[in-house]
Amino acid sequence: MEHMMAPKRDAHWIGSIHASPTGTDRSYTKDCEWTTMRKECQVQKMEHSYDLYIERLIVTNVALFLFIMELLLAINLISIVILTQHIKWEYGTLLTLMILLPLILLICFKRKSSFQHFRLFNIIASCAAALLVLLMDMLGRNYVKGRYDHIIIVSVYFLLPIAFYGKPYLLGIGVSLIYLLCPMLTNAINLRPFELSKHVCNAFYLISLNVVMMAFRICMEYHLRQLILTRRQLLHQSFVLKETKEKEKNIVATIVPADIAHSLDHEIQKRIADQLLCKRYLNPIILPIKLYSDVSILAAEMVNYAQLTSQMDVKDLVQIFHELFVEFDLAAEDHKVLRIKFLGDSFSCVSGIPQHCYTHANSCVELALDMILKARHLCEVHDLLDIKMRIGVHSGEVFAGIIGRSKWEYDIWSRDVDIANRLEFTGMPGRVHISQTTLKLLHNEYDYEPSSRLDSSDIYLKKTYYINTYLISPKLSKSTIKGAKRIFNMTPGSRTAHSVFEKELDASHEYQLKIYHLMYKKVKCMPIGAIQMARIFDFSDGSRDGNEDRVFQSYITSFWRHFRQADIEWKYINKPDLLMKYSLPLMVFVGLLFIIEHMLSPTYSYVLIMWVVLVVLLLLCLLVFYKKIVFQLSTNPLEYKPQFILDRWLFKISELCEENLAMRIGIYFFGLFLVYILASFNTVACLIHGIQMNNIDGVKLLMPAEATDNVIMVFTLMFFTDLPFVLKMALIILVCISHIVIVQSSHIKSEFQIIWFIIAFCLMLLIMEQHNTYLKKVGYYYNMRYVETQRQTEIIRRSQRVLMVNILPNHVARLFLEHPQVEELFHESYNKVAVMSASIVNFERDKCGLRVLNEYICYIDDLLLDYRGDFQVEKIKVKNWTYMAACGLKVDHSMELPSCKQQNEPRLSHPTLQNDDNCVLTLLHFAVDLLRMMHDIALQNMHLKFGGSMRGQMKIGIAHGPIVAGVVGLSPPHYDIWGHTVNSASGMCSSGIAGFIQVTKETAQTLHGFDIKCSYRGMMNVASVGEVSSYLVDLDERLNLQHIDKEDLDIIEFVDAYSKSDKVVKHNF
């Protein structure tokens, strides 16, 4: 088989993200997840959108920072006033700080366009705010005043603008150095002894705080970039869904007119759904029919069609037919005439559908004249061509509806349609044969002549319908010839109009710009969060304009940050946590610093226990990190498969740690518990051994730092735990209460300072966690919408596959879906294909009409479902009451739905037969099933009122051999087959006997190889083929195939030898 189709370019989306924004595919990369996210943002050109969203988020973060600081300062001030019972001048620093902070950060709420160096001013404001809080914290260190070093450093890495605009670690290190050096200078000035261990422990605390917060800053960047990419993916998928719906609408419009498609939408969708389920019909088919009472019908046929298909090369044949029928399509569109059917040699149209037109008769006649001229000019352009069109036009009424179950066809039926067909059949090539009814509607605008001689050739026109007919000849105008030359002098294979299959989104720079600008608008409205009370510190001009935060209030609760729908919340907390593995190394790092601090203390009695705890924590870290380590060492992570049992178990457990909620929560709790044990050892040692900074009034005074630094690090590590907000809140409260109990039991004078130190940080942690959780859930909501949009798109694409397969064969439909724009026309040739032509006869069609025809066609289409194996029976076309099918065409099961795929049953074989001969046997079984079906229908109809008129029978002709096939036309593209084999099958059908299957000599010989008996009938004169030998397939009373016996072999040899002479042998049935 030869096949050719040159794609112009693949229809793909340059801007698409191949991996799901929240999928586990990124866990298979060797790079860090946040590095991959940065690369994706660069590839998708989303850096500008990310920067814009960060600018909006910074406004919220600064407002949140002001709210937290004002709240903590106010509580601190009130507590000091209550405890000291009088206000000293130093307390004014708190009030001053509360006033100055909003003024310093006011620039962060201005629009970027207001300042030339907007980012620089934001960085300066961040440094000023951090240093101002630090200065307040340094003043009055000998009084009852808490330390804010942890709050400043956390804010530097998350809340202040420098966290995203600059390099926050520089400011974090600077603040840490000041906090580290100030106590040293104070001790030196006051001539106190230098305590190296205390300062080293303080340095370790500040280092670990900066490292953990820097890691959290990277983690937040990952989530924010993921949010932007997910929003972009949702926007892209919305475009895909919109275009997919438009494409489906256009495909449906190729089957039926647009307004009819709307009225028949329910029936079409029902048929699509039934085909998706491979539903078999047992009930009568309801055919949606619409009546059009005032239309004109055009019926045209190519006179020497069979001769062309037998003699021309496949490529030239498809090219000629395509050029001709594309011009017919375009001419029909110009004259506002609807093309109904194109069946190789015939072309039928209707004017007045779907919108009524008072000049419908003129439109059809003008189109008919144009068709004759275009065919004539095509012959002049292509030498040795002789294409003549015979056309009939009649006016009246028609019924319109969808015919068949598969390969749907929009068809018309009525008494007037039959008249138009008879006018075409009795017409003259090169002239338009019209009825008297049509002539009256033309208002003498054309030169005509009576066609009395033609009328007498069809008794139905004169005696049954009492119609006088007339002939109209075309007038060759200069404009028509010029137009024809313009049309046919185009590059071979080029399309003259955009078909519905060429309406794809342009995956080019234009599409990227469109996404870029739309994403820019969407980012301006994306949710940025913040608690309600914090918005009083939002001094920006347009922070709420078009904000989607209000929309999300109906999806996410305000305080607990839960999805209001429990099922969505459950899915959210069960999603994989790809960053979990990075939290365990941080825990090991912090735990190691705790041990070093403990070893630097005056007593370190718990060192051995602490090392054991750290080893357990390290083993837990290696277990969680095992999958990432394996992928780092593997050359191809996507194809990695564990080989050994231990390797498989470790790999599986590592995967479960990321994906299983219960295991993830257990590991987080256990890891934090181990870190808290290490921190508690340091705290308890500090309390027991009386490590102190000063001695006031002879009472040991413990500053907050020594008692709380370690537990502050435990709280900071909770930023990394992707736990539900309620669980995290409960864990924070539990740790907070546990530490307060330990402090209370030590009876330290400064216990209030320690309690406030912890509570202040817990409040900040909970507020930030609430804000962080909200942003994550916004991203998850976008991803959920993306998945839903993708699901809807896939459903529509499945419908498109059903629609396309109902227009073209599977393998051709796939090519047209994957390559909607092509430079060369699709054509293919086969060396051996079996073709069947089956006609329903002995039927009083006037009493039955389109509804009965539709039922017969649907029954035949249903039978096709039983022949979808390796040798698939493909419906080609239906012409009036004749059904054509073929077997042996290329089979593409990828276009079939999983539930529709069938295993091909093993067929009989013979040493002298080739594998492709099975196409003949398969089609014969199909033909026998058709006869059985017709027999069953006839038995059922005998008991009906019009049983006598519904005893339809079927005569079937089968031939096999080489054919050519191709797609011609625009809307819809029509797949057809041509060649000597097709003409022979049609001849076997037209000259056949009702209730029998007539085959050619070559087909009979092939069936003989399958041990199937065929009886010689005689020599038949087939149009465009000539004298051919015909055989009838032997069937018993139950319509079962008969096998060959020894006597039959002798008769077959005798008949075969005798038929080689020019005598005709009659066979007695």
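Engineer: Please explain unusual backbone geometry as it appears in this structure.
Structural biologist: The bulk of non-glycine residues show a negative phi, and the bulk of peptide bonds are trans. Of note, the amide linkage connecting I353 to P354 takes the cis form, showing an omega dihedral of 0°. Even without glycine at this site, K45 takes up a positive phi of about 55°. Positionally, K45 belongs in the loop between α1 (33–43) and α2 (47–84). Despite not being glycine, R561 shows a phi value in the positive range, around 55°. On the secondary structure map, R561 appears in the loop between α20 (549–552) and α21 (566–573). Judged by relative accessible area, R561 falls into the buried class, the value being 6%.

Engineer: Hey, could you run me through the packing of helix α4 (residues 118–138) against helix α5 (residues 149–158) in this one?
Structural biologist: In a pair of packed helices, the angle between the axes and the distance between the axes together describe the arrangement. In the contact formed by α4 and α5, the axes pass within 10 Å of each other and the chain directions differ by 175°. Regarding the angle of α4 to α5, the classification is roughly antiparallel. Contacts from A130, V133, L134 and D137 in α4 reach D149, I152 and V156 in α5. Its residues assigned to classes, the contact of α4 with α5 comprises 5 nonpolar, no polar and 2 charged.

Engineer: Help me understand the packing of aromatic side chains, please; the structure alone is not making it clear to me.
Structural biologist: According to the stated counting rule, one finds 26 aromatic pairs in the structure shown. Joined through ring pairs, the aromatic side chains of F158, F216, F719 and F720 make up one cluster. The side chain of R225 reaches across the aromatic face of Y50, ending 4.0 Å from its centre. A cation over a ring is seen here: R231 above Y782, with NZ or CZ 5.0 Å from the ring centre.

Engineer: When you look at the nonpolar core in this model, what are you seeing that I'm missing?
Structural biologist: Within soluble globular proteins, side chains that are nonpolar tend to cluster in buried spots. Y53, L101, Y148 and F715 are the most contacted members of the largest nonpolar core, which has 157 residues in total. The element that contributes the greatest number of residues to this core is helix α28 (residues 751–805), accounting for 20 residues. Sequence-distant contacts of L101, defined by excluding residues within four places in its chain, comprise F65, L66, M69, E70, L73, A129, L132 and V133. Within the second largest apolar cluster, 48 residues are counted, among which are Y856, L924, I958 and Y1016.

Engineer: In this structure, what is going on with the side chain of N682? I would like to understand it.
Structural biologist: With respect to the helices, strands and loops of the structure, N682 is situated in helix α25 (residues 661–688). When neighbours within four sequence positions are excluded, N682 is seen to be in contact with F594, E597, H598, M610 and N710.

Engineer: Looking at this structure, I do not really get helix α27 (residues 725–745). What am I missing?
Structural biologist: Quick reminder: α-helices carry 3.6 residues per turn. Residues three or four places apart thus point the same way. In this model α27 runs 30 Å from its N-terminal to its C-terminal C-alpha over 21 residues, within 8% of the 30 Å that 1.5 Å per residue would give. Restricting attention to buried positions, one finds in α27 the residues F725, K728, M729, L731, I732, V735, C736, H739, I740 and V743. End-on, the buried residues of α27 take up no more than an arc of 165°, which puts them together on one face. Across α27 from its buried face, at more than 90 degrees, point the exposed residues L734, V741 and S745.

Engineer: What am I meant to see in the environment of V365 here?
Structural biologist: Within the secondary structure, V365 is located in helix α13 (residues 360–381). Each C-alpha atom, one on V365 and one on L298, is 8.1 Å from the other, the two residues being 67 residues apart in sequence. What V365 contacts, discounting residues up to four positions off in sequence, is V393, I434, T438, L442, Y446 and I472.

Engineer: How should I be thinking about the packing of α4 against helix α7 (residues 168–189) in this particular structure?
Structural biologist: Packing of α4 against α7 leaves a shortest axis separation of 11 Å and a crossing angle of 15°. In terms of their interaxial angle, α4 and α7 are classed as roughly parallel. In the packing of α4 onto α7, the handedness of the crossing is right-handed. Contacts from S126, C127, A130, L131, L134, D137 and M138 of α4 reach α7 at L171, V175, I178, Y179 and C182. The residue makeup of the contact of α4 with α7, split by class, is 10 nonpolar, 1 polar and 1 charged.

Engineer: What am I meant to see in the pattern of salt bridges here?
Structural biologist: Side chains that differ in charge, positive against negative, can pair when their charged atoms come close. Summed over the entire model, instances satisfying the criterion amount to 24 salt bridges. For the salt bridge of R422 with D418, the shortest nitrogen-to-oxygen distance reads 3.2 Å. Placement of both R422 and D418 in helix α14 (residues 415–425) is noted, with a separation of 4 residues, approximately one turn of the helix. For R422, a relative accessible area of 22% translates into the label partly exposed.

Engineer: Would you mind showing me how to read the environment of L650 here?
Structural biologist: Secondary-structure assignment places L650 in helix α24 (residues 645–659). The spatial distance from the C-alpha of L650 to the C-alpha of L622 is 9.8 Å, given a sequence separation of 28 residues. Among residues more than four places away in sequence, those in contact with L650 are L623 and Y626.

Engineer: Please clarify how the pairing of strand β15 (residues 953–968) should be interpreted in this entry.
Structural biologist: Here β15 lies mainly inside the structure; 14 of its 16 residues are buried. Pairing geometry for strand β12 (residues 827–841) and β15, over 13 bridges, is antiparallel. Of the residues in β15, the one forming a bridge with V835 is A959. In the sheet, β15 pairs with strand β17 (residues 997–1000) via 3 bridges, with the strands oriented parallel. Bridge pairing in β17 places I958 opposite V999. Bridge count for β15 against strand β16 (residues 974–978) is 5 bridges, and the pairing is antiparallel. Within β16, the residue paired with V967 across the bridge is Y975.

Engineer: I keep staring at the confidence of the model for the protein chain and nothing clicks. Help me out?
Structural biologist: Any residue range with low pLDDT should be treated as having predicted coordinates unsuitable for detailed reading. Across the protein chain, the average pLDDT comes to 78, with 75% of residues at or above 70. Here residues 141–146 scores under 50 on pLDDT; set against residues more than four positions off or in separate chains, the count is 14 contacts. In the model, residues 691–702 has pLDDT below 50 throughout and makes 25 contacts with residues more than four positions away in sequence or in other chains.

Rules and cut-offs
Residues numbered from 1 in each chain as written. Predicted model: local features only at pLDDT ≥ 70, side-chain atom pairs only at ≥ 80, totals over all residues. Heavy atoms only, no water. Helix = DSSP H or I, 4+ residues; strand = E, 2+ residues; numbered from the N terminus. Buried < 20%, exposed > 50% of the residue type's maximum accessible area, 1.4 Å probe, protein only. Axes fitted to C-alpha atoms, helices over the stretch in contact; angles between N-to-C directions. Parallel < 35°, antiparallel > 145°, perpendicular 65-115°, else oblique. Contact = heavy atoms within 4.5 Å. Nonpolar A, V, L, I, M, F, W, Y, C, P; charged D, E, K, R; others polar. Phe/Tyr/Trp six-rings, centres within 6.5 Å; stacked < 30°, edge-to-face > 60°. Lys NZ or Arg CZ within 6 Å of the ring centre and 35° of its normal. Core = buried A, V, L, I, M, F, W, Y, C linked by side-chain atoms within 4.5 Å. Expected span 1.5 Å × (residues − 1). Arc of directions from axis to C-beta. Left-handed = near helix turned anticlockwise from the far one by under 90°. Salt bridge = Lys/Arg side-chain N within 4 Å of Asp/Glu carboxyl O. Pairing = 2+ DSSP bridges. pLDDT = per-residue confidence, 0-100.

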